[in-house]
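# Descriptive analysis of the structure
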Amino acid sequence: MSHSVAGEPPSAGRRAAPLTTAAYSAAEWDLLTDLPGRVLVAAASPGPGRPPRGIAAGLAGLDAVAAGRAFDSDLIRAVVTAIYARHDGAAVRAERLTDLVDLLAAARAAVRVLRRRADPADSAAYRQWVESVAARVCRADGTAPGPADRRFLDRLGGALDLR
């Protein structure tokens, strides 16, 4: 059970916010919690030169998101918890599914938020984790990503400030 600074339990029916999430505005937190799902969907979606993906790719992406529960990063664990705690029935908002330009802009915005608010180690871990979601989807069929997938991963890595 979480306790307040004074050692008393939080108010009835309310849980104390983890210190990790308290550092972010609602809009920033939405950005950080939406990005992994948006990346998964974009990586699984066919595009010019990119093959259509099957169920295995989606499952690989979901597994990569869930793997965040075991990371040594409070930020990633809090993001995964928030993703799984959603009650809106959708991990990704439909209006943002496939537009690569918007996805890359969101990734850059997340990097800016992380620079301002996150511990540098948590920031690096989050950015690498998000990229790993896309990489696992692109490699789900057991083969190396083709040229179009490599371009997608390179652009995503650049937007996440990993290149």
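Residues numbered from 1 in each chain as written. Predicted model: local features only at pLDDT ≥ 70, side-chain atom pairs only at ≥ 80, totals over all residues. Heavy atoms only, no water.

## Describing the overall build of the protein chain
Threshold: What counts as a helix is a DSSP run of H or I of at least four residues, what counts as a strand is a run of E of at least two, and both are numbered from the N terminus. Per-residue and other accessible areas follow the Shrake-Rupley method at a 1.4 Å probe size, with only the shown protein chains counted as cover for residues.
The number of helices and strands found in the protein chain is seven helices and zero strands. Scanning the protein chain from its N terminus toward the C terminus, one meets helices and strands in the order α-α-α-α-α-α-α. Carbon and sulfur atoms provide 56% of the accessible area of the protein chain, an area that totals close to 9000 Å².

## Looking at the pattern of salt bridges
When their charged atoms lie close together, side chains carrying opposite charge are able to pair. As a reminder of what qualifies: Each reported salt bridge corresponds to a side-chain nitrogen of Lys or Arg within 4 Å of a carboxyl oxygen of Asp or Glu. Only protein chains enter the accessibility calculation, which uses a 1.4 Å probe; a residue whose area is less than 20% of its type maximum is buried, one above 50% is exposed, and one in between is partly exposed.
Counted according to the given criterion, the structure contains nine salt bridges. Note that Arg-116 and Glu-28 form a salt bridge whose closest N and O atoms lie 3.0 Å from each other. Of the two residues, Arg-116 sits in helix H5 (residues 100-117) while Glu-28 sits in helix H2 (residues 26-44), which places them 88 residues apart along the sequence. Residue classification places Arg-116 among the exposed residues on the basis of a relative accessible area of 55%. Between Glu-131 and Arg-163 there is a salt bridge; the shortest N-O distance is 2.7 Å. In this pair, Glu-131 is assigned in helix H6 (residues 120-138) and Arg-163 in the segment after helix H7 (147-159), connecting sequence segments 32 residues apart. Overall, the relative accessible area of 53% leaves Arg-163 in the exposed class. Here the salt bridges share partners, and the residues they tie into one network are Glu-28, Arg-116 and Arg-117.

## Description of helix H4 (residues 74-85)
Put simply, the test is: Expected span, for any helix, means 1.5 Å times one less than how many residues it has.
When the terminal C-alpha atoms of H4 are compared, their 16 Å separation across twelve residues agrees well with the 16 Å that a helix rising 1.5 Å per residue should span. Looking only at H4, the buried set comprises Leu-75, Ile-76, Ala-78, Val-79, Val-80 and Ile-83.

## Observations regarding a nonpolar patch on the surface
Going by this rule: Distance thresholds for patches are 9 Å for like charges and 5 Å for nonpolar side chains (Val, Leu, Ile, Met, Phe, Trp, Tyr), applied to residues having over 30% relative accessible area and no salt bridge.
Among the surface-exposed residues, Ile-55, Leu-59 and Leu-62 lie close enough to one another that they form a single nonpolar patch of about 330 Å² accessible area. Structurally, Leu-62 can be placed in helix H3 (residues 55-66).

## A word on H2
What counts is decided by this rule: Fitting axes to the seven residues that end at a residue and to the seven that start at it, the angle between those axes gives the bend at that residue.
Across its 19 residues, H2 extends 28 Å between first and last C-alpha, which sits within 8% of the 27 Å expected from 1.5 Å per residue. In the structure, H2 departs most strongly from a straight axis at Asp-34, where the bend amounts to approximately 35° and where the proline Pro-36 lies between one and four residues downstream. Among the 19 residues in H2, 15 count as buried, and that is most of the element.

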